[in-house]
Amino acid sequence: MKTSLSKQQDNRKEIELFIGPQHPASGHMRFIGRVDGDIFTNFIPDPGWVHRGIEKIAENRKWIQIIPLVERAAILDAANMNIGYVIALEKLLDIEPPPRAQYLRTLLCEINRITSHLYGFGIAGIMIGSSTFYMWPFADREPLIDIAQLITGARLTYSYMIPGGVRRDLPQGFKEKALKALKYIERRLNNDYFRIFFDNPVTKARYQEVGVLKRDDAIRLGIVGPNLRASNVKYDVRKVEPYAAYPELEFDIAYEKEGDCYARLLVRVEEIRQSIKIIRQILDALPQGPIIHKKYEKLVSLRKLEEYQKTGIFGLPAIFTVLRPPAGEVISRVEAARGELIFHIISTGELRPYRLRMVTPSFRNIVLFRELISGARVMDFPAIYGSIDYFPPESDR
Amino acid sequence: MIIKIINNFYHHIRAILIGLKYLLSPGIRITLKYPDELPILPENYRGMLKLNNELCISCGLCSQICPAGAINLKLFEHEQTKQVGRHPEVDYKRCIFCGFCIDICPSKALELTRIHDAAFYVEDELYYEVNRLIIGPKIDPPCMRSKYVISEIDEVRGIVYRNA
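Residues numbered from 1 in each chain as written. Chains lettered and ligands numbered in written order. Predicted model: local features only at pLDDT ≥ 70, side-chain atom pairs only at ≥ 80, totals over all residues. Heavy atoms only, no water.

**Here's the deal with empty space enclosed by the protein**
All names here are of chain B.
No. 1: Inspection of the entire model under this criterion finds four cavities of 30 Å³ or more.
No. 2: Each pocket or cavity is described by its volume, and for the largest cavity that value is around 120 Å³.
No. 3: Lining the largest cavity are 19 residues, with C95, F97, C98, G99 and C101 sitting closest to its centre.
No. 4: Considered class by class, the residues forming the lining of the largest cavity number 16 nonpolar, two polar and one charged.
No. 5: Taken as a whole, the second largest cavity holds about 90 Å³ of empty space.
No. 6: Classifying every residue of the lining of the second largest cavity gives eleven nonpolar, three polar and one charged. (1 Å grid on protein atoms, 1.4 Å probe; cavity = no way out; pocket = protein on both sides within 12 Å on 5 of 7 lines; lining within 4 Å. Points joined across faces, edges and corners; volume = space filled by probe spheres on them. Nonpolar A, V, L, I, M, F, W, Y, C, P; charged D, E, K, R; others polar.)

**Digging into helix 17 (residues 380-388) of chain A**
Two residues of an α-helix separated by three or four positions point the same way, owing to the 3.6 residues in each turn.
No. 1: Taken across its nine residues, helix 17 of chain A has eight buried, putting it largely inside the fold.
No. 2: Those residues of helix 17 of chain A lying buried are F381, P382, A383, I384, Y385, G386, S387 and I388 of chain A. (Buried < 20%, exposed > 50% of the residue type's maximum accessible area, 1.4 Å probe, protein only. Helix = DSSP H or I, 4+ residues; strand = E, 2+ residues; numbered from the N terminus.)

**Quick notes on the layout of surface pockets**
The gaps left among the atoms become clear once a water-sized probe is rolled over them.
No. 1: Volume-wise, the second largest pocket comes out at about 380 Å³.
No. 2: In this structure, the second largest pocket is lined by 17 residues; those nearest its centre are W136, Y184 and R188 of chain A together with Y22 and I28 of chain B.
No. 3: At the level of elements, helix 6 (132-152) and helix 7 (174-198) of chain A together with helix 1 (2-24) of chain B are the ones that each hand at least two residues to the lining of the second largest pocket.
No. 4: If you tally residues by element for the lining of the second largest pocket, the top one is helix 6 of chain A, at six residues.

**Observations regarding the interface of chain B and chain A**
No. 1: Taken together, the contacts link 40 residues of chain B with 50 residues of chain A.
No. 2: Where D103 of chain B meets R167 of chain A, a salt bridge forms, and the shortest distance between an N and an O atom there is 2.8 Å.
No. 3: For the interface between chain B and chain A, the tally reads 23 residue pairs in polar contact (both at pLDDT 80 or more).
No. 4: For the side of chain B that touches chain A, the secondary structure elements donating two or more residues are helix 1, helix 2 (61-65), helix 3 (100-104), strand 7 (147-154) and strand 8 (158-163) of chain B.
No. 5: With eight residues, helix 1 of chain B is the largest single contributor of residues to the side of chain B that touches chain A.
No. 6: Looking at the side of chain B that touches chain A residue by residue, the classes come out as 23 nonpolar, ten polar and seven charged. (Contact = heavy atoms within 4.5 Å. Salt bridge = Lys/Arg side-chain N within 4 Å of Asp/Glu carboxyl O. Polar contact = N/O pair within 3.5 Å; in protein donor to acceptor, adjacent residues only side chain to side chain.)

**With respect to the nonpolar core**
Nonpolar side chains in soluble globular proteins tend to end up buried together.
No. 1: Grouped together as the largest cluster of nonpolar side chains are 132 residues, with contacts concentrated most on Y85, F198 and F369 of chain A.
No. 2: Once residues lying within four places of it in the same chain are set aside, the contact partners of F198 of chain A are F121, F133, Y193, K204, Y262, L265 and V269 of chain A.
No. 3: Counting 22 residues, the second-largest nonpolar core is a separate cluster that includes L51, V90, Y128 and V130 of chain B. (Core = buried A, V, L, I, M, F, W, Y, C linked by side-chain atoms within 4.5 Å.)

**Focus on the sheet that holds strand 1 (residues 37-39) of chain B**
All names here are of chain B.
No. 1: Spatially, 1-7-8 is the arrangement adopted by the three strands of the open sheet, whose pairing is mixed. Edge positions in the open sheet fall to strand 1 and strand 8, since each of these has one partner strand only. Put simply, the sheet's adjacent strands are angled 45° from each other on average, direction ignored.
No. 2: Direction of pairing for strand 7 relative to strand 8: antiparallel, over a ladder of six bridges. The residue of strand 8 that forms the bridge with D154 is G158. (Pairing = 2+ DSSP bridges. Axes fitted to C-alpha atoms, helices over the stretch in contact; angles between N-to-C directions.)

**A closer look at the pattern of salt bridges**
Residue and element names in this part refer to chain A.
No. 1: With the rule as written, the count across this model stands at 37 salt bridges over all chains.
No. 2: In this structure, R100 and D169 form a salt bridge, with 2.9 Å as the shortest nitrogen-oxygen distance. With R100 in helix 5 (residues 99-127) and D169 in the loop between strand 5 (165-166) and helix 7, this pair connects stretches of sequence that are 69 residues apart. Grouping residues by exposure puts R100 and D169 together as buried.
No. 3: Its salt-bridge partner being R229, residue E335 comes within 3.1 Å of it at the nearest N-O pair. You can see E335 sitting in strand 6 (residues 328-336) and its partner R229 sitting in helix 10 (residues 226-229), a full 106 residues away along the chain. The residues E335 and R229 share a single accessibility class, namely buried.
No. 4: Each of E110, R113, R229, D236, R238, E271 and E335 takes part in a single network of salt bridges with overlapping partners.

What follows is the structure, encoded as structure tokens:
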């Protein structure tokens, strides 16, 4: 990929332009572009500056200890990373969580999807110079982070889902608080955000008909998530291969036809609306019952069991420290906020996995930089980068 | 063409007006003025740890499950009760506040505190020996005029902070 660095510059008209690696936008990432006047003739993303080796570290961790580890791939999207790994582990262990746990998992995933998209809006806003729209979505994440904190006890790194269920039940008075937060975010999204940013002529001038990704190209390149759906492809893992409580919930796949930067933003707006719809359904139709698989409920101490019945906080059974799933190979697919997330785990029946492969959505979307920005103007680069919602730590893992 | 210009003008004005509305209306701040205002966190918040050494059965599960390797066991004799056991010590340089140790403790010897400000003047203070873990974390308010507030979710303003 780095051939253009060493190539002799015979064509004096073109110059090389380096962007990054010191935080060009939402993380550490370097781009190497060749510029002819105002136009990028070649544009190469150079990732790997925040590589932490999560896949290798996972080979030296016990199965249960990997839960906080995989969350670190995308700290804003921790619940979706968590559910992907836990579903794979449950396939190995051959257990199915009870319905209430499935609903609680879905609830947290959707809250996380909203906060992740709001973060993306903020970054997109500041990249094209709208500092108001940087502050507003970041501030409006706060009520949602607060309700996630009520469920899990942490603001961002929840580690909420464990094999067989979830760690805690909802606290008292949660529903009213959650409905208030949803009402607030809905009003802000439908009125204020559209007025200040999405309907703003400046935004439209910067975003419309810029960085167009055609339908065929999107499919050929294997793009995932909102970026794919903005190019008129109705593909969502929640519908294609339903997991958790999604088969029982009603929602539509958000999609747009144009495939430009503006369409990519609007898809995320529609996804937030659908997430709000899903959360309302969950709060109304939350089934009663246990939050953890029967097998594990019997394994905790009596004192812990009392606490579970009283407060809804289930401990962890001691068997989790020596968890040995049977030998085998599993794949799990979930729809994270930025797209499809795949876990491929090989177990040899030991305390630790033999191999853990994690294919994150940003990793699959990185090719968009080369496709969309080659041929674009220099000032279109921030607009395109912001609209892709690329998150370097998630891609580098 | 003219329709487009008028339309653009209308949307420009709308954007400016909504910006002005939030600029001029008082009390719409959503952020916490941290050192001046300290939040009272919800009851089940996963903060720093506290040890009840009388309940600890020295099983070592907390140290076995810790994903960050922050918990070590140490032989400890209590000064007054002369009770001896292998009790956990926590290194807050490594702790990621996942709360697995509290959840797995079979005798409920480890407890949650709602304190999360793990900031100290000396680096060594981040290592909590058994003695200090029994007392639990105590953080002085960062400045003299600090006051405690409770955050509440509000339909109109997102989050409001009330004095506790």
